[in-house]
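Understanding the architecture of this molecule
Chain by chain, the residues run as shown.
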Amino acid sequence: MAKIVSDIKKSVVAVTQTAKKKTKKIAEATKLKLDIKMEESNLEHCYEMLGRAVHANSKNPNNTSRVEALMAQADRISTIIKEYKTRLAYLQDKEICAYCESVIERGAPCEYCNEKIVANKKEPEAEENN
């Protein structure tokens, strides 16, 4: 009888640990999706400001520093989005195509550009600035 109780206890602990890991993974994926949306919104705003700066620069060519600063900001935001998408793909057991940046099945040829991808087994670094 004690063995049955012990086996049940082990099963309950294993199920609880599995559920905890999956819940943590889902929560992290949800946070990454939200972060991606926020950064995409920031990028859209940056592009709008860049367009205005380019327009203003066409009337007054002394505005190049503002254009350059906004281009650098857009590049930084794009890099952050790419890092978030790579982390999200890893959590979903997928990866990002190195050629067209589509989310694809791990180790499969890209269904969009048909390039064969070498599976990345290493987990991407989580960003520390959250």
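This one's a predicted model, so the numbers in the text were calculated from it and none came from an experiment. (Residues numbered from 1 in each chain as written. Predicted model: local features only at pLDDT ≥ 70, side-chain atom pairs only at ≥ 80, totals over all residues. Heavy atoms only, no water.)

**Things to note about the overall build of the protein**
Spelled out, the test is: The numbering of helices and of strands both runs from the N terminus, where a helix is a DSSP run of H or I of at least 4 residues and a strand a run of E of at least 2. Only protein chains enter the accessibility calculation, which uses a 1.4 Å probe; a residue whose area is less than 20% of its type maximum is buried, one above 50% is exposed, and one in between is partly exposed. The contact definition used throughout considers only heavy atoms, calling two residues in contact when any of these lie within 4.5 Å.
Regarding its fold elements, the protein presents 2 helices and 2 strands. Counting helices and strands in the order they occur from the N terminus, the protein gives α-α-β-β. Split into buried and exposed, the 130 residues of the protein put 22% on the buried side. Within the protein, counting contacts between residues at least 6 apart in sequence, those at least 24 apart form 43% of the total.

**Some thoughts on the side chain of Glu95**
We count it as follows: In this tally, Lys and Arg are treated as positive and Asp and Glu as negative; His is ignored, and so are the chain termini. Basic side-chain nitrogens of Lys or Arg form a salt bridge, by our definition, when they fall within 4 Å of a carboxyl oxygen of Asp or Glu. Contacts described as polar in this section are N or O atom pairs within 3.5 Å, which, within protein, must combine one atom able to donate a hydrogen with one able to accept it, while residues neighboring in sequence count only if both atoms come from side chains.
When you line up the elements, Glu95 lands in strand β1 (residues 94–96). Although Glu95 is buried, it makes no salt bridge; Arg106 carries the closest opposite charge, 4.9 Å away. Only 2.6 Å separates the side chain of Glu95 from the backbone nitrogen of Gly107, close enough to count as a polar contact.

**Some details on helix α2 (residues 64–91)**
What counts here: Helix span is expected to be 1.5 Å times the residue number reduced by one.
In this model, α2 (28 residues) spans 41 Å end to end at C-alpha, consistent with the 40 Å of a helix rising 1.5 Å per residue. When we look at burial in α2, the residues that qualify are Val67, Leu70, Ala74, Ile77, Ile81, Tyr84, Arg87, Leu88, Ala89 and Leu91. Contacts made by the buried residues of α2 are with α1 (2–59) and β1. Once α2 finishes, Asp93 follows within two positions and takes phi at roughly 55 degrees, a positive value.

**A closer look at the nonpolar core**
Keep this limit in mind: Only buried residues count toward a nonpolar core. Its members are Ala, Val, Leu, Ile, Met, Phe, Trp, Tyr and Cys residues joined through side-chain atoms within 4.5 Å.
Leu43, Cys46, Leu50, Ala53, Val67, Leu70, Ala74, Ile77 and Ile81 form the largest nonpolar core, which has 9 residues in total. Within the residue set of this core, elements represented by two or more residues are α1 and α2. For this core, the element with the most residues is α2, which contributes 5 residues. When neighbours within four sequence positions are excluded, Ala53 is seen to be in contact with Asn63, Arg66, Val67 and Leu70.

**Thoughts on the pattern of salt bridges**
One pass over the structure, following the stated rule, counts 8 salt bridges. Asp35 is the salt-bridge partner of Lys31, the closest N and O atoms lying 2.8 Å from each other. Pair noted here: Lys31 and Asp35 are both in helix α1, with a separation of 4 residues, about one helical turn. Residue class for Asp35 comes out buried when judged on its relative accessible area of 14%. Between Glu40 and Lys85 there is a salt bridge, with its nearest N and O atoms 3.6 Å apart. Taken as a pair, Glu40 in helix α1 and Lys85 in helix α2 lie far apart in primary sequence, 45 residues in all. Judged by relative accessible area, Glu40 falls into the partly exposed class, the value being 28%. When its relative accessible area of 34% is taken as the criterion, Lys85 is described as partly exposed.

**Focus: the environment of Glu28**
Following the sequence through the fold, Glu28 ends up in helix α1. By relative accessible area, Glu28 is classed as partly exposed at 27%. Beyond its immediate stretch of four places on either side in the chain, Glu28 contacts Arg87 and Leu91.

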